[in-house]
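# Observations on chain architecture
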Amino acid sequence: MNVPYPDALRLDLVEDLHGHRVADPYRWLEDPEDPRTREWSAAQDALTSGHLDELPGRDGLAATLTALLSAGSVSAPLWRAGRRFATRREPGQEHSVLYVREPGGAERALLDPMALDPSGLTTLDSWVPDLEGRRLAYQLSSGGDEHSVLHVLDVATGQDVEAPIDRCRYSAVSWLPGGEEFVYVRMVAEDAAPPGQQAFHRRIWRHRIGSPADADELVDGPGLYDEHTYYGVQVSRDGAWLVVTANIGTARRDSVWIGELGGPDVKLVPVLTQADDVQCHAWVGRDGRLYLHTTDAAPRWRLAVTDPRTPEREHWRELVAQDPGSVLQAVRRLEAPDGSALLALARARHAVAEVALHDAADGTPRGTVPLPGTGSLLGFSVADRDTPAEAGRLWLGWTDLVTPPEVHRFDLTTGETVREEAAPGAVDVPAVRSEQREFTSADGTTVRMFVLSPPGASGARPALVTGYGGFGISREPAYTASALAWVAAGGVYALVSLRGGGEEGEEWHLAGNRGNKQHVFDDLHAAAAALIDAGDTAADRLAIMGGSNGGLLVGAALTQRPELYRAVVCSAPLLDMVRYEEFSLGRTWNDEYGTAADPDELGWLLSYSPYHHVRDGVSYPAVLFTVFDSDTRVDPLHARKMCAALQHATTGDPTTRPVLIRRETDVGHGARSVSRTVALAVDQLAFLAAHTGLELS
């Protein structure tokens, strides 16, 4: 078929991998510096911009999205010795700003990413004040590369107190009492690695303020650096204990060590290893006990305690058992003004937040915390011991499908929850009907989804379905401007709690990873069919959208059931599952997906790898790939190769079922400014609307 797509050389490249004949005609597109790739990408840029710029309703959609995002956001506070730290994004601001409120009420901006970089390309990745509230460790990255640089500032002056420390990507920081030292994670060096791969060589260091990073003390212990790639560190409030957690890649199992900090050297003792095959969040609490929030014998998590001097599992005492109907997500110690204490436990029941109270000593249930409705927690905090005026209070960052992020406060003395701070911008949220529905997947499993639709809607409407389904990550009901804009225009929006996620605990995750990955795609197909059967939509009005692992989701969906979906947005996706380990962070994900180095696991990957399931002579849906050249998690090569393959194979009319790729050159996989968010969402939603019949005003 004569189509207006840029020429893309098809190589006669076929490899024999464990007896499988695997074709890879577009391998040359893996190299972004290849002149052919540059030429192809430039031609695709021109083709895509020409199509997207002509889509109807763009201006109105941009106005709607901007208005919805102008609500801004606020975060739950973090208290340190009377100082209140929290972020807020006002209407018109590109990024959230970190504020500090002094004892007595005065508030001031402490860190504003736009003040640091007016281009909007610098992001505040993380921040943590010391226990005295006098110093703040914070991390910045630029251009979306997520290569965080660690800074320390004086809270009173707002000025950095020492030279920045580089190579702190995904670094945890935990302060020792006094604010003169902290423990943190830093990459030792960028060791030699194959082209396109990241070198992972992280170590844990004890740093003293004012000393050069090269003089930091290495923290070591038995097995600490055996294969582990990611680390967490936690110093107890009294400075007596260091707890270290580690895992290999994104494996959902943790190694844990604990050691005393009293002497010149930390002697770490293993608590759990990878062989134990459990997840565990561990810390030493204010009461001196070692707390273990774990999946040990509890796929929906339980809470155990022990003396930190006897951390082995045989000494654990169960404090709060697993709840068979909800997932235990977080624990906070809530101390009353009279010195009594409860534990506040954040749970999610079918992805909906709830908070329970338990006796701190023996775990006996003591009631629940009232919440505003059907939503999710964005924060969960209590005051530190040096802020006695706020004792007995619990702060909840809150959102739901129609509520921008806000802060609620529970008071133990009254038993009431009140809204302390709403999102700062006034916004006219469109009227919607929201519900959580159940449906049955291909193997008989009950799956749930949140559905938004216009009030009183009837008949088949354009529908947008999304989900994630991987790494045990839960997608919970939250304020989403793109969802509300779609429904405001008359469409139906569905967020599906797919297997592979964590919405129903670790068993739910395991039911959708590795050799079970097809369950995730079956769940999405079943969700689409359920919406059609309910009369909400039809196949020619149905769109799907997903990013990252969700990009793999929709890539597999469109190749498995091209007749079921009319339009697809596939963002920052994994698509070549035979070679995904060769690039960016790919080799840290093989516990989730499997590895092509293993014959059986290669079979899993080839069974659904979207790039390898593109078939000639099929009328594929309209597809828009969106990629980011500074993405250091998922390489844009996946989308380039898949786009070329689909453009070659599809019989769909390029004017009504186009296959396009949209790229940005100076942003990455994660956070971005509001204006960039709006621009991307306009292109994505306008594309889906145009190809599903949704009329944008």
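Values in this document were obtained by computation on a predicted structure and should not be read as measured data.

## Here's the deal with the packing of helix α1 (residues 35–53) against helix α10 (residues 637–649)
- At a minimum axis separation of 12 Å, α1 and α10 run at an interaxial angle of 70 degrees. Relative to α10, the element α1 lies roughly perpendicular. For the element pair α1 and α10, the recorded crossing hand is left-handed. Only Arg640, Cys643, Ala644 and Gln647 of α10 make contact with α1, whose side of the interface consists of Thr37, Trp40, Ser41, Gln44 and Leu47.

## Section: the sheet that holds strand β18 (residues 267–272)
- What the four strands build is an open sheet, ordered β15-β16-β17-β18; its pairing is antiparallel. The sheet is open, and its two edges are formed by β15 (230–235) and β18, each paired on a single side. Each strand of the sheet is rotated relative to its neighbour by a mean of 25 degrees, with strand direction disregarded.
- Pairing analysis gives six bridges linking β15 to strand β16 (residues 241–247), with the strands arranged antiparallel. In the sheet register, Gly232 faces β16, and the bridge partner there is Thr245.

## Points about the environment of His201
- The topology assignment puts His201 in the loop between β12 (181–187) and β13 (202–208).
- In this structure His201 comes out as partly exposed when scored by relative accessible area, which is 22%.
- On a C-alpha basis, the gap between His201 and Pro658 in space is 43 Å, while along the polypeptide they are 457 residues apart.
- For His201, the side chain forms a polar contact with the side chain of Arg203, separated by 3.1 Å.

## Structural notes on empty space enclosed by the protein
- Under the counting rule described, the total for this entry stands at four cavities of 30 Å³ or more.
- Space inside the second largest cavity adds up to approximately 60 Å³.
- Lining the second largest cavity are 13 residues, with Gly120, Leu121, Val667, Ala671 and Arg672 positioned closest to its centre.

## Topic: the pairing of strand β21 (residues 302–306)
- Burial within β21 is extensive, with five of its five residues counted as buried.
- Of the two faces of β21, the one holding Arg302, Ala304 and Thr306 and the one holding Leu303 and Val305 are both buried throughout.
- Here three bridges tie β21 to strand β22 (residues 317–320), and the two strands are oriented antiparallel to one another. Within the sheet, the bridge partner assigned to Leu303 lies in β22 and is Val320.

## A short note on the environment of Ala596
- Within the element layout of this structure, Ala596 appears in the loop between α8 (590–593) and α9 (599–608).
- Ala596 has contacts with His18, Val578, Glu581, Leu602 and Leu605, leaving out every residue within four places of it along the chain.

## Let's talk about the sheet that holds strand β10 (residues 149–154)
- Taking strand neighbours across the sheet as the criterion, the three strands line up as β8-β9-β10 in an open arrangement whose pairing is antiparallel. The open sheet has two edge strands, β8 (122–129) and β10, and neither has a second partner. Each neighbouring strand pair of the sheet contributes to a mean axis angle of 30 degrees, computed without reference to strand direction.
- In terms of strand pairing, β8 meets strand β9 (residues 135–142) through seven bridges, oriented antiparallel. Looking at β9, one finds that Pro129 is bridged to Leu136.

## Side note on the packing of helix α2 (residues 58–69) against helix α4 (residues 481–488)
- Following both chains from N to C, one finds α2 and α4 inclined at 130 degrees, their axes separated by 9 Å at the closest point. Between α2 and α4, the angle is such that the two are oblique. Two packed elements cross with a definite hand, and for α2 against α4 that hand is right-handed. Residues Leu61, Thr64, Leu65, Leu68 and Leu69 of α2 form the contact with α4, whose own contacting residues are Ala481, Ser482, Leu484 and Ala485.
- Each residue belonging to the contact of α2 with α4 can be placed in one class, and the counts come to seven nonpolar, two polar and no charged.

## Some points on the pairing of strand β35 (residues 542–547)
- In terms of burial, β35 is a largely internal element, five of the six residues being buried.
- Of the pairings in the sheet, the one linking β35 to strand β36 (residues 567–571) comprises five bridges and is parallel in character. Across the sheet, residue Gly546 finds its bridge partner in β36, namely Cys570.
- Considered for its hand, the β-α-β crossover made up of β35, helix α7 (residues 549–560) and β36 is right-handed.

## Digging into the side chain of Arg80
- With respect to the element layout, Arg80 can be found in strand β4 (residues 78–80).
- Salt bridges are absent for the buried Arg80, whose nearest opposite-charge side chain, Asp384, sits at 5.2 Å.
- There is a polar contact of 3.4 Å between the side chain of Arg80 and the backbone oxygen of Asp130.
- In contact with Arg80, not counting residues within four places along its chain, are Phe85, Pro129, Asp130, Leu131, Glu132, Gly133, Asp384 and Thr387.

## Focus on the pattern of salt bridges
- Enumeration over the complete set of coordinates arrives at 59 salt bridges.
- The shortest N-O distance in the salt bridge between Arg289 and Asp287 comes to 3.0 Å.
- Classification of Arg289 by relative accessible area gives buried; the value is 18%.
- Judged by relative accessible area, Asp287 falls into the partly exposed class, the value being 31%.
- Arg300 serves as the salt-bridge partner of Glu504, at 3.1 Å between the closest nitrogen and oxygen. Of this pair, Glu504 sits in the loop between β34 (492–496) and α5 (506–510) while Arg300 is found in the loop between β20 (290–294) and β21, placing the two residues 204 residues apart along the sequence.
- The exposure class of Glu504 is buried, given its relative accessible area of 10%.
- According to the relative accessible area criterion, Arg300 is buried, its value standing at 15%.
- Through salt bridges that share partners, Glu15, Asp24, Arg27, Glu30, Asp576, Arg579 and Lys641 make up one connected network.

Rules of the game
- Residues numbered from 1 in each chain as written.
- Predicted model: local features only at pLDDT ≥ 70, side-chain atom pairs only at ≥ 80, totals over all residues.
- Heavy atoms only, no water.
- Axes fitted to C-alpha atoms, helices over the stretch in contact; angles between N-to-C directions.
- Helix = DSSP H or I, 4+ residues; strand = E, 2+ residues; numbered from the N terminus.
- Parallel < 35°, antiparallel > 145°, perpendicular 65-115°, else oblique.
- Left-handed = near helix turned anticlockwise from the far one by under 90°.
- Contact = heavy atoms within 4.5 Å.
- Pairing = 2+ DSSP bridges.
- Buried < 20%, exposed > 50% of the residue type's maximum accessible area, 1.4 Å probe, protein only.
- Polar contact = N/O pair within 3.5 Å; in protein donor to acceptor, adjacent residues only side chain to side chain.
- 1 Å grid on protein atoms, 1.4 Å probe; cavity = no way out; pocket = protein on both sides within 12 Å on 5 of 7 lines; lining within 4 Å.
- Points joined across faces, edges and corners; volume = space filled by probe spheres on them.
- Nonpolar A, V, L, I, M, F, W, Y, C, P; charged D, E, K, R; others polar.
- Right-handed = clockwise from strand over helix to strand, strands pointing away.
- Lys, Arg positive; Asp, Glu negative; His and termini not counted.
- Salt bridge = Lys/Arg side-chain N within 4 Å of Asp/Glu carboxyl O.

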